Amino acid sequence: MYNSQDVAQSIKKMSKDKNITIKKLLEDVGLGFNTMSNMKTSMPKADNLAKIADYLDCSVDYLLGRTDNPEVNK
């Protein structure tokens, strides 16, 4: 089962690795700042997770913790 807090941690780690603030990431993909706070209690919608993964140039599977490889399968 997926844990929304783990997804939030993956997003934060990937953002930090790419020197992108969470605020900038959320603004650029058109999500509200509370999106990260909401992940403490609920899983983000699939389309929002896809937007974030596309922006960070990683796979949704990586953000979900299904793989250790952040590369997008092309």
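Residues numbered from 1 in each chain as written. Predicted model: local features only at pLDDT ≥ 70, side-chain atom pairs only at ≥ 80, totals over all residues. Heavy atoms only, no water.

**What to know about helix H1 (residues 4-17)**
Taking 1.5 Å of rise per residue, 14 residues should cover 20 Å, and H1 covers 20 Å from first to last C-alpha, within 8% of that figure. If you check which residues of H1 are buried, you get Ser 4, Val 7, Ala 8, Ser 10, Ile 11, Met 14 and Ser 15. Each buried residue of H1 lies within a common arc of 160° when the element is viewed along its axis, so the set occupies one face. Residues of H1 that are buried make contact with helix H2 (22-29), helix H3 (34-38), helix H4 (46-56) and helix H5 (60-64). Its side-chain oxygen placed 2.8 Å from the backbone nitrogen of Gln 5, Asn 3 serves as the N-cap of H1. Just downstream of H1 lies Asn 19, where phi reads positive at about 55°. (Helix = DSSP H or I, 4+ residues; strand = E, 2+ residues; numbered from the N terminus. Expected span 1.5 Å × (residues − 1). Buried < 20%, exposed > 50% of the residue type's maximum accessible area, 1.4 Å probe, protein only. Arc of directions from axis to C-beta. Contact = heavy atoms within 4.5 Å. Polar contact = N/O pair within 3.5 Å; in protein donor to acceptor, adjacent residues only side chain to side chain.)

**What about the environment of Ile 11?**
Inspection of the secondary structure puts Ile 11 in helix H1. Overall, Ile 11 belongs to the buried group, its relative accessible area being 0%. Each residue touching Ile 11, except ones within four places of it in the same chain, is listed here: Ile 22, Leu 25, Met 36, Met 39, Leu 49, Ile 52, Leu 56 and Leu 63.

**Digging into the pattern of salt bridges**
Enumeration according to the criterion identifies 3 salt bridges in this entry. Residue Asp 28 is joined to Lys 24 by a salt bridge in which the shortest nitrogen-to-oxygen separation is 2.7 Å. Of the two residues, Asp 28 and Lys 24 both sit in helix H2, 4 residues apart, roughly one turn of that helix. The partly exposed category is assigned to Lys 24, whose relative accessible area is 41%. In this structure, Asp 61 and Arg 66 form a salt bridge, with 2.9 Å as the shortest nitrogen-oxygen distance. Residue classification places Asp 61 among the partly exposed residues on the basis of a relative accessible area of 29%. (Salt bridge = Lys/Arg side-chain N within 4 Å of Asp/Glu carboxyl O.)

**With respect to the packing of H2 against H4**
Orientation of H2 relative to H4, taken along the N-to-C sense of each, is 115°, at an axis distance of 10 Å. In terms of orientation, H2 lies roughly perpendicular with respect to H4. Viewed along their axes, H2 and H4 form a crossing whose handedness is right-handed. Here Lys 24, Leu 25, Asp 28 and Val 29 of H2 come into contact with H4, specifically with Lys 51, Ile 52, Tyr 55 and Leu 56. Here the residues of the contact of H2 with H4 are counted per class, giving 5 nonpolar, no polar and 3 charged. (Axes fitted to C-alpha atoms, helices over the stretch in contact; angles between N-to-C directions. Parallel < 35°, antiparallel > 145°, perpendicular 65-115°, else oblique. Left-handed = near helix turned anticlockwise from the far one by under 90°. Nonpolar A, V, L, I, M, F, W, Y, C, P; charged D, E, K, R; others polar.)

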